[in-house]
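Letter by letter, the chains look like this.
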Amino acid sequence: MDNMDRVTGWWIFAGVLLFIGGVLDIIWGIAALGDSKFFTENVTHVFQNLHTWGWISIIIGVIELVAAFSLFAGGGFGRVIGIIAGSLAAISALLTISVAPFWGLCVFFLSVVIVYELAKAPEAGS
């Protein structure tokens, strides 16, 4: 089976979502490291130090980008890393609900869709 035979519409969809999520996580991580003012001041975070959360966001973002580019190339590695990255993004989204409840739930839902679509068995005849 050729690598490009594996690339379906859902793989591209998951790859695009992982790419967007990865870029946003890296931007938010850099903003957290730089003590940006768009993070609310009167919110209790799971992590005491915002810099720790910034590094966690950057690492998750890099994993998401690696998964996205591997999915675009049709690699099976991207499927496994995409499931891991989607799971980490879902957990990360739930931990940030106190900061942005609606956004956190939306990111959580999309991460679950990514994990589901990458984890389900390929259709017969493909």
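Residues numbered from 1 in each chain as written. Predicted model: local features only at pLDDT ≥ 70, side-chain atom pairs only at ≥ 80, totals over all residues. Heavy atoms only, no water.

**A short note on the overall build of the chain**
Rules: Runs of H or I in DSSP of at least four residues are treated as helices and runs of E of at least two as strands, each being numbered from the N terminus. Summary of the burial criterion: residues with accessible area below 20% of their type's maximum are buried, those above 50% are exposed, and those between are partly exposed, where the area comes from a 1.4 Å probe applied to protein chains only. Every residue pair with non-hydrogen atoms within 4.5 Å of one another is taken to be in contact. Calculation of accessible area relied on Shrake-Rupley with a 1.4 Å probe; when residues are assessed, cover is drawn exclusively from the protein chains displayed.
Assigned secondary structure in the chain consists of 5 helices and 0 strands. When the helices and strands of the chain are listed from N to C terminus, the series reads α-α-α-α-α. Of all 126 residues assigned to the chain, the portion counted as buried reaches 34%. Contacts in the chain between residues at least 24 apart in sequence constitute 71% of all its contacts with a sequence separation of at least 6. Of the accessible surface of the chain, which amounts to about 7400 Å², a share of 72% is contributed by carbon and sulfur atoms.

**As for the nonpolar core**
Formally: What is meant by a nonpolar core is a set of buried Ala, Val, Leu, Ile, Met, Phe, Trp, Tyr and Cys residues, joined one to another through side-chain atoms within 4.5 Å.
In this structure, Trp 11, Ala 14, Leu 17, Leu 18, Ala 67, Ala 68, Leu 71, Ile 81, Ala 85, Ile 114 and Leu 118 together form the largest nonpolar core, which totals 11 residues. Put simply, the parts of the chain that give this core at least two residues each are helix H2 (9–33), helix H3 (50–73), helix H4 (76–95) and helix H5 (101–119). With 4 residues, the top contributor of residues to this core is H2.

**Things to note about the packing of H4 against H5**
In a pair of packed helices, the angle between the axes and the distance between the axes together describe the arrangement. Where we set the bar: Structural elements are reduced to axes, namely lines fitted to C-alpha atoms, with helices fitted over the stretch in contact, and the angle between N-to-C directions of any two is expressed from 0 to 180 degrees. Should an angle fall under 35 degrees it is called roughly parallel, over 145 degrees roughly antiparallel, and 65 to 115 degrees roughly perpendicular, with every other angle called oblique. A crossing counts as left-handed when the near helix is turned anticlockwise from the far one by less than a right angle, and as right-handed when that turn is clockwise.
Remark: H4 packs on H5, axes separated minimally by 8 Å, with the N-to-C direction vectors making an angle of 160°. By the angle class used here, H4 and H5 are roughly antiparallel. Here the hand of the crossing between H4 and H5 comes out left-handed. Contacts between H4 and H5 involve Arg 79, Gly 82, Ile 83, Gly 86, Ser 87, Ala 89, Ala 90, Ala 93 and Leu 94 from the former and Gly 104, Val 107, Phe 108, Ser 111, Ile 114, Val 115, Leu 118 and Ala 119 from the latter.

**What to know about a nonpolar patch on the surface**
Heads up, the condition is: Candidate patch residues must exceed 30% relative accessible area and have no salt bridge, after which like charges are joined if within 9 Å and Val, Leu, Ile, Met, Phe, Trp or Tyr side chains if within 5 Å. We define a salt bridge as a side-chain nitrogen of Lys or Arg found within 4 Å of a carboxyl oxygen belonging to Asp or Glu.
Together, Ile 12, Val 16, Phe 19, Ile 20, Val 23, Ile 27 and Phe 69 make up an exposed nonpolar region whose accessible area comes to about 560 Å². In terms of residues, the nonpolar patch owes the most to one element, H2, which gives 6 residues. Within the element layout of this structure, Phe 19 appears in helix H2. Looking at Phe 19, the relative accessible area reads 33%, which means it is partly exposed.

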